[in-house]
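# Chain and residue survey
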Amino acid sequence: MRRVLTVLTAVLGLVLATAPLAQAYEPVNVVHTERVQIGPYALDVGFSAWPVRAMQSLDWTFAPVGGIADKSGTLSMTAPDQGKEARQRPMARHPRKLEVWGLDIKSLDSPGNWTIRFRVDGPQGPGEGALTSLNVLDQPGPPMALSWSLSTLPLVGLVAFLAVAWRRTRLVAQ
Amino acid sequence: MTAGIAPGITRERAAPRTATGAATASRGLPTALALLTGSLLTLVGLTWDVQWHTDVGPDTFFTLPHLFLYAGSAVAGLASLGAVLAATAGQRAGRDPDPVVGGRPIAVLRVFSAPIGYLVAGCGAASFLLYGLWDQWWHGLYGFDAVIDSPPHIGLLLSVMATLVGTVMVFAAAYRQTWGRVGTVTSLGILAAFSTIVVLGFSNVGGPVDAVSAALSWLMVVLVVTAVGFARKPGLAVALAVALGIIQAVGWWFSPWATHVYADAVGLPIRDYIRGVPVMPALMPMGLVVVAALVEVFAVAARRGNRWLPAVAGALAGGLVAGFQGVQNAWVYGYAVPPVGDLAPTVVAGVVLGLLAGFVGWRFGRMLRLVDPGKA
């Protein structure tokens, strides 16, 4: 028993000790940029994957020329079939690239032309602009209906188990 | 897979068996505790992981919260496997099965004699492993999208649900023992807490009904009414709600704390503009104790034979849980409470789903009694 406990403690210790090493968060690797004019401010939109595909997550960076220190802003990401502008959210620093604003591991749900609208406020006053017609390609991988069918199999199994148990116990369980 | 009473075990031989002596009373406790530990590890890992993605963000396959999640299912799976092998060995040695250890034995593949609680828990753990592999493939294709409602994530969560249902069955089988009663309350509380995240699979359902709150009310009512249908005396449903409240209170403190400590340890910053709300604990209905007490009152009359009262109690409870969830969300996240007209469709959905949940929950409770044939 003591030997088992020793081994378990050693394994747990190793796991805890190596966990930070095992994570090795990847740096943000921008492979494509688009420049957008937001009133008086120029802003580079960076993508860690290009072209963008539906449901495929990527890092987004939003880097105004001159830096973010003296500026604030919001953005909205509006889907192709969405009539009105999506909810605005404040521009936050990218968690792994703190010198710029950004979104980490963010995907867009559907293919088509998306619009990203920016509002920036800074030393030269407020400005507004948009990256229009961001063409998002179809999602990779199997159709979602198939993926969801596979994912709900445990639920199907649980329901089937309960149904069988219900039937077998109908005389004594009531 | 074939299932039935294990070969060599007649229904008569598997039936009532009286526990005698301290050794018999505590038989099954170590394995059941291991299973419960696995369930707790999973719950801790999930509440931490959800908070991590909300407050910090970056994901890999081997974050510390993920390791808790994997360890939880691994421990639960190994405990279940051990219980099944021990029961099979006992059967082959000609010993009578003891239903206190995981419940009625079920023949699997004509080889194994699996106590039913451990069979369900083990199937969930095995399924978790398969969905884990699929999740890894999914992340390779789609990236580390930190969304809870991706298909593999829902498959993983449903697998854990199966393990947690098995855990409840294992302790319900030992309900005559003190540790069985404590474990039943604890495992029901864990199952209720975990259920709150599974319903996020309905996040993208549009329309006037808040599908997440409606689905949550269905699951909560099923669990509460199952508890009153199982127990012969009042109190189990309220105890379940108290257990959920304790989990909520501990999680309220733990998940932000662990997230911040871990972020410091790995040198990552807290996101800008976080709300600071403990995400998963905030999903747990805060008024469930009141709802459970109400259901207990109905259950007293239902135990005397009124077959419709559980459904009526379920409808009432479903409407209350669904409606209050909208108020709770507004309170927790600091926005205006929606007007009654906006809440009404969700309340109506809660009433309808609660009606059904009350009906099936009562029966589930009676079925749960049969896990231990000695108690039937």
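Up top you'll find the structure we're talking about.
Residues numbered from 1 in each chain as written. Chains lettered and ligands numbered in written order. Predicted model: local features only at pLDDT ≥ 70, side-chain atom pairs only at ≥ 80, totals over all residues. Heavy atoms only, no water.

Bringing the overall build of chain A into the picture now. Scanning chain A from N- to C-terminus turns up 3 helices and 9 strands. In chain A, the succession of helices and strands from N to C terminus is α-β-β-β-β-β-β-β-β-β-α-α. Expressed as a percentage of contacts within chain A between residues at least 6 apart in sequence, the contacts between residues at least 24 apart total 58%. Here chain A displays about 9,900 Å² of accessible surface, and carbon together with sulfur accounts for 59% of that area. (Helix = DSSP H or I, 4+ residues; strand = E, 2+ residues; numbered from the N terminus. Contact = heavy atoms within 4.5 Å. Areas by Shrake-Rupley, 256 points an atom, 1.4 Å probe, with all protein chains shown as cover.)

A few words now on the nonpolar core. Generally speaking, a soluble globular protein has its nonpolar side chains buried in company with each other. Core analysis: the biggest nonpolar cluster contains 94 residues, and B:Leu46, B:Phe194, B:Ile197, B:Leu236 and B:Leu288 have the highest contact counts within it. In this structure, B:Leu236 is in contact with B:Tyr175, B:Val185, B:Leu188, B:Ala227, B:Phe230, B:Ala231 and B:Glu296, ignoring residues within four places of it in sequence. (Core = buried A, V, L, I, M, F, W, Y, C linked by side-chain atoms within 4.5 Å. Buried < 20%, exposed > 50% of the residue type's maximum accessible area, 1.4 Å probe, protein only.)

Residue and element names in this part refer to chain B. Take His153: it is sitting in helix H6 (residues 151-173). Measuring from C-alpha to C-alpha, the distance between His153 and Trp138 comes to 9.7 Å, with 15 residues separating the pair along the chain. A distance of 3.3 Å separates polar atoms of two side chains, one belonging to His153 and the other to Asp135. (Polar contact = N/O pair within 3.5 Å; in protein donor to acceptor, adjacent residues only side chain to side chain.)

Below, the discussion takes up the side chain of A:Thr169. Among the structural elements, A:Thr169 can be located in the segment after helix H3 (153-168). A distance of 2.7 Å separates the side chain of A:Thr169 from the backbone oxygen of A:Ala165, its partner in a polar contact.

The subject of this paragraph is the sheet that holds strand E4 (residues 72-78) of chain A. Where strands meet in a sheet, backbone hydrogen bonds hold them as pairs that are either parallel or antiparallel. Residues and elements named next belong to chain A. Read from one edge of the open sheet, 4 strands run E5-E4-E8-E9, paired in antiparallel fashion. Each of the sheet's edge strands pairs with one partner strand only, and the pair in question is strand E5 (89-90) and strand E9 (125-136). Where E4 and E5 come together, 2 bridges link them in antiparallel fashion. Paired with Thr74 across the strands is Pro90, a residue of E5. (Pairing = 2+ DSSP bridges.)

With that settled, consider the interface of chain B and chain A. At the interface, 50 residues of chain B touch 44 residues of chain A. Summed over the shared surface of chain B and chain A, the number is 2 salt bridges. Note that B:Asp272 and A:Arg93 form a salt bridge whose closest N and O atoms lie 2.9 Å from each other. Counting the contacts that link chain B with chain A gives 9 residue pairs in polar contact (both at pLDDT 80 or more). Of all elements in the fold, only helix H4 (64-92), helix H5 (116-142), H6, helix H9 (236-266) and helix H13 (340-369) of chain B reach the threshold of two or more residues within the side of chain B that touches chain A. Here the residues of the side of chain B that touches chain A sort into 34 nonpolar, 9 polar and 7 charged. (Salt bridge = Lys/Arg side-chain N within 4 Å of Asp/Glu carboxyl O. Nonpolar A, V, L, I, M, F, W, Y, C, P; charged D, E, K, R; others polar.)

All names here are of chain A. If you walk through the whole model with that rule in mind, you get 9 salt bridges over all chains. Here Arg119 and Glu85 are joined by a salt bridge, their closest N and O atoms 3.0 Å apart. Of the two residues, Arg119 is situated in strand E8 (residues 112-122) and Glu85 in the loop between E4 and E5; the sequence distance between them amounts to 34 residues. With a relative accessible area of 22%, Arg119 lands in the partly exposed category. Look at Glu85 and you get partly exposed, because its relative accessible area is 32%. Through salt bridges that share partners, Glu85, Arg117, Arg119 and Glu128 make up one connected network.

Their axes nearest at 12 Å, the elements helix H2 (residues 144-151) of chain A and H5(B) cross at an angle of 155 degrees. By the angle between their directions, the pair H2(A) and H5(B) is classed as roughly antiparallel. By crossing handedness, the relation of H2(A) to H5(B) is classed as left-handed. Where H2(A) abuts H5(B), its residues A:Met144, A:Ser147, A:Leu150 and A:Ser151 lie against B:Tyr131, B:Trp134 and B:Trp138. Broken down by class, the residue content of the contact of H2(A) with H5(B) amounts to 5 nonpolar, 2 polar and no charged. (Axes fitted to C-alpha atoms, helices over the stretch in contact; angles between N-to-C directions. Parallel < 35°, antiparallel > 145°, perpendicular 65-115°, else oblique. Left-handed = near helix turned anticlockwise from the far one by under 90°.)

Residues and elements named next belong to chain A. Spatially, E1-E2-E3-E7-E6 is the arrangement adopted by the 5 strands of the open sheet, whose pairing is antiparallel. Across the chains shown, the open sheet's two edge strands, defined by having one partner strand only, are strand E1 (32-38) and strand E6 (93-94). Of the strand pairs in this sheet, strand E3 (residues 58-64) and strand E7 (residues 97-106) are connected by 4 bridges, and their pairing is antiparallel. Residue pairing in the sheet places Trp60 in a bridge with Leu103 of E7.

Before going further, it helps to examine a nonpolar patch on the surface. All names here are of chain B. A surface patch of nonpolar side chains, about 650 Å² in accessible area, is lined by Val242, Ile246, Val250, Trp253, Trp257, Val261 and Val289. Counting residues per element, the nonpolar patch draws most heavily on H9, which supplies 6 residues. Assessed through its relative accessible area of 35%, Val289 is described here as partly exposed. (Patch = residues over 30% accessible without salt bridge, like charges linked within 9 Å, V, L, I, M, F, W, Y side chains within 5 Å.)

Another aspect to go through is helix H11 (residues 288-302) of chain B. All names here are of chain B. If you check H11, its first and last C-alpha atoms are 20 Å apart, about what 15 residues at 1.5 Å a residue would give, namely 21 Å. For H11, the complete set of buried residues consists of Leu288, Val291, Ala292, Val295, Glu296, Ala299 and Ala302. Burial along H11 is one-sided: seen end-on, the buried residues are contained in an arc of 145 degrees. When the buried face of H11 is taken as reference, the exposed residues oriented beyond 90 degrees from it are Val290 and Val297. (Expected span 1.5 Å × (residues − 1). Arc of directions from axis to C-beta.)

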